[in-house]
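If you want the building blocks of each chain, they are given just below.
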Amino acid sequence: MKIQIVLWVVFFALSLPTRASDGIVLDDFEAGDQGWSPVDQGWIDFEIVDNPFPGAVNSSAKVMKVVRKAQTQTWAGIILRDKMELAFGTFPDQYRYIHAKIFKTTNGRVAFKLEKTGDAGSFTNTQNYSPSGEWQEIIFDVGGAGGTRYDDYFIMPDQTGNLSEDITIYIDEIVLKPDPEAGENREIELPGTFQPVWSDEFNGSGYDTDIWAPQIRGDGFGNNELQYYTGLEKNIFVRDGNLVLKAYKEPYQNREYTSGKLWSQNKKYIKYGRIEARFKLPKGRGTWPAIWMMPQNSVYGGWPDSGEIDIMEFVGYDTDKVYGTVHREAGSGGNGNGSNTSIAGKTDDFHVIRIDWEPGYIKWYLNDQLFHTYNNAFASSAQWPFDQEFYLILNFAVGGDWGGAQGVDENIWPQEFLIDYVRVYQKTEKTAIRQIKNTPFSVSSLSKDELIFNSSLQYPLSINIYSLSGQKQWSKNTIPNDLGTIINISDLPKGFYIITVSDKIHSYSQKIIKR
Ligand SMILES: [Ca+2]
Ligand SMILES: [Ca+2]
């Protein structure tokens, strides 16, 4: 199968949030302060006072009064050090906005600066302030902070230069908030509908050797499995429209059992799609059949760091359940992320298992009933190495750490694991770019390696592309009316990215999937 090289762009966040959302209060000054200090002695005086201007925006009792003294530097301000180490950025579960209530009587700019843990760098967002005679809630967009962890929070409440007089500013209710849009987009899907791309129906005289090869090995596979996979026809054959993986109790190459295993490594591999199989389980203590996937290229390192997708597993001593699980750096083996579903009373039936694997999730279905979802796609590769190609494995193990956890019944052999078909579907829509109306810019795919950016905005913008782990991959500042800016992404590996466009007041983001 040729992998389609396409780009897909979809908007997911627009402008500033207006909806309320959960956040954490950095300080509301109701019980003193959390440990703020002036950034430089002598530039700032501050104290907690009764709210001198209670009103609709801020009716609370206590606020911080800051006096920035004449002849001081514009970065005079207050800083809260080492209070809370948090990741900021554009991604779900990271803090994206900092809200602060400000009262002052002077025009000017207010800046909020984050300093990295270890003070290895910083990110600043600045907002204009026009006095209104009332408290104002100022929202700092720190999405561009890009996933790094920060533990110092620094407010420069008035950046007026050449200050000839002291300025008094009141500050209150500093709240860190995630992107309220982010959670809704967690389960991002490719556009289009699933179309068949390949299958093996096992209806002929043998399995399709363009898809499968037998694995011939019997070293226990790190699980103390008892079988030797012979690759012989007695262990792997097609009968009556089904692939039969057949396990015998018989000595072979210093093993007590023989069995069969097919894999599609180097022949067929898949990134995103629907993988479906119809199967009938063997019976008895010590059987451990599985339909699963391993990475074609272990780009994130050896097992489990590059991931494993167990589409279906069954252990014969636990007759009523089939399992679906992922293993990855963040948890593997007994700490894999998975679930099971009941087949009680139906162990002699054929069942249909499938996963729907999208850029944003993997979902497991048995007989069309969803039984597990894994949707950690916005985390690092430790949680989500599933943005790479995986090959398929069909095997019937005997014993082993899990399958043999309650021993092996010596009297049940031979046993058969039947697979009626394996079908792979993918969304084959070649290009899908969803633009949302009334946004001040657009990004379109020009070719697999180029995006084109157009904007009607009349002032400078900065355009940045981030990887999901928050690394800046591409950056450019545009000049006003710089129409048709080409963004060359030929150096970016295939995968998920976020493009953000900022005009100092607003920040707009889109996801890009480079395929
Ligand atoms: Ca308060
Ligand atoms: Ca069949």
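Below, the structure is looked at part by part. What you see is a predicted model; the values in this text were computed from it and never measured.

Basis of the calculations
- Residues numbered from 1 in each chain as written.
- Chains lettered and ligands numbered in written order.
- Predicted model: local features only at pLDDT ≥ 70, side-chain atom pairs only at ≥ 80, totals over all residues.
- Helix = DSSP H or I, 4+ residues; strand = E, 2+ residues; numbered from the N terminus.
- Buried ≥ 20, exposed ≤ 12 C-beta atoms within 10 Å, placed from the backbone.
- Contact = placed C-beta atoms within 7 Å.
- Core = buried A, V, L, I, M, F, W, Y, C linked by C-beta atoms within 7 Å.
- Pairing = 2+ DSSP bridges.

### Concerning the overall build of the protein chain
When helices and strands are tallied, the protein chain shows 0 helices and 39 strands. Taking all 515 residues of the protein chain together, 38% fall into the buried category. Partitioning the contacts of the protein chain with sequence separation of at least 6, the portion at a separation of at least 24 is 72%.

### Here we look at the nonpolar core
Nonpolar side chains in soluble globular proteins tend to be buried together. Residues I291, I309 and I311 are the most contacted members of the largest nonpolar core, which totals 54 residues. Counting residues per element, this core draws most heavily on strand β30 (residues 390-398), at 7 residues. With residues up to four places along the chain from it excluded, the contact list for I311 reads I275, I291, W292, M293, G324, I353 and I355. By size, the runner-up hydrophobic cluster in this structure holds 36 residues, among which are V63, V66, A76 and V110.

### Focus: the pairing of strand β12 (residues 149-156)
Note that strand β6 (residues 78-80) and β12 share 3 bridges and pair antiparallel. Paired with I78 across the strands is I155, a residue of β12. With 2 bridges joining them, strand β7 (residues 86-87) and β12 adopt antiparallel strand pairing. Within β12, the residue paired with L86 across the bridge is Y150.

### So, the environment of G118
Tracing the backbone shows G118 in the loop between β9 (108-116) and β10 (122-129). The class of G118 is exposed, set by 8 C-beta atoms lying within 10 Å. Expressed as a C-alpha distance, the spacing of G118 and R149, which sit 31 residues apart in the sequence, is 9.3 Å.

### What to know about unusual backbone geometry
For the bond from W303 to P304, the omega torsion is 5°, close enough to zero to count as cis. Structurally, the position occupied by P304 is in the loop between β23 (287-295) and β24 (308-313). Put simply, W413 and P414 share a cis peptide bond, and its omega is 0°. You can see P414 is positioned in the loop between β30 and β31 (415-427). Residue Q71 is not a glycine yet carries a positive backbone phi of 70°. Relative to the helices and strands, Q71 is located in the loop between β5 (62-68) and β6. C-beta crowding within 10 Å serves as the criterion here: with 10 such atoms nearby, Q71 is assigned to the exposed category.

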